[in-house]
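# Structural description and commentary
If you want the building blocks of each chain, they are given just below.
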Amino acid sequence: MEDDRTSRFQGFDPSARAGIPAHVTVLFPFLDESRIDAGVRSALSVVLGSHRAFDLRFESCGRFPGVVYLVPEPDAQLRRLTKAIADRWPEAPPYGGQFTEIVPHLTVADGQDDAVLDEIEADLLSRLPVTTRVSSVDLMVHDGAQWQERASFALLE
């Protein structure tokens, strides 16, 4: 999901500078790139292909320490996607098992001081709502310098 209302904030998110477009993470970290073979891609296709496409609306912001993000609503389907992949690959728990609750979100700014985050949030709120259709899930891998899309998996329409 990227449009002129949110793309102007890309400079405030280190992930965007590393090649990741605006996104809501389904599962991170996933498997090491060396493990992602045809069998894993096939299994991802089966797991993700059993889920329906859905619409998301972003009309509010949330905060983590040093982070401002857009809140996807409703988030139940995102949580189901995360659970389905994590159940299939239990060795890859969401966020390495660091958090007990998974909070689906679209990071807009990360690593900024609170005053900058306040300005970004105020400006962003004036540009909302944003809506999008989620019809696929992309597999992104890190090559040591940049993130690159390796595959895209369609959801049921």
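See the structure shown above.
We now turn to the structure provided with this report. (Residues numbered from 1 in each chain as written. Predicted model: local features only at pLDDT ≥ 70, side-chain atom pairs only at ≥ 80, totals over all residues. Heavy atoms only, no water.)

This next bit is on helix α3 (residues 76-88). Across its 13 residues, α3 extends 18 Å between first and last C-alpha, which sits within 8% of the 18 Å expected from 1.5 Å per residue. All buried positions along α3 are accounted for by Q77, L78, L81, T82, A84, I85 and A86. Buried residues along α3 sit against α2 (38-49), β1 (54-64), β2 (67-73) and β5 (136-142). (Helix = DSSP H or I, 4+ residues; strand = E, 2+ residues; numbered from the N terminus. Expected span 1.5 Å × (residues − 1). Buried < 20%, exposed > 50% of the residue type's maximum accessible area, 1.4 Å probe, protein only. Contact = heavy atoms within 4.5 Å.)

Turning our attention to the packing of aromatic side chains. Each aromatic ring pair is summarised here by two numbers: the centre-to-centre distance and the angle between the ring planes. Within the structure shown, the criterion is met by 4 aromatic pairs. Lying over the aromatic face of W89, R88 brings its terminal NZ or CZ to 4.5 Å of the ring centre. (Phe/Tyr/Trp six-rings, centres within 6.5 Å; stacked < 30°, edge-to-face > 60°. Lys NZ or Arg CZ within 6 Å of the ring centre and 35° of its normal.)

Side chains of residues three or four places apart in an α-helix project in the same direction, reflecting 3.6 residues per turn. The end-to-end C-alpha separation of helix α4 (residues 114-125) is 16 Å, in line with the 16 Å expected for 12 residues at 1.5 Å each. Along α4, the residues that are buried comprise L117, I120, E121 and L124. Relative to the axis of α4, the buried residues are bounded by an arc of 100 degrees and lie together on one face. A distance of 3.1 Å separates the backbone nitrogen of A115 from a side-chain oxygen at the start of α4, and that oxygen is part of D113. (Arc of directions from axis to C-beta. Polar contact = N/O pair within 3.5 Å; in protein donor to acceptor, adjacent residues only side chain to side chain.)

As a further point, take the environment of Q98. Position of Q98 relative to the elements: it lies in the loop between α3 and β3 (106-110). Q98 gets classed as exposed once you look at its relative accessible area, which sits at 61%. The spacing of Q98 and L117 is 19 residues in sequence and 24 Å in space, taken between C-alpha atoms.

Okay, unusual backbone geometry next. Here the amide bond leading from F28 into P29 is cis, since omega sits at -10 degrees, within 30 degrees of zero. Mapped onto the fold, P29 is located in the loop between α1 (14-17) and α2. Residue P74 follows E73 across a cis peptide bond; omega there is -10 degrees. Mapped onto the elements of the fold, P74 is located in the loop between β2 and α3.

Read these as spatial facts, not as claims about activity.
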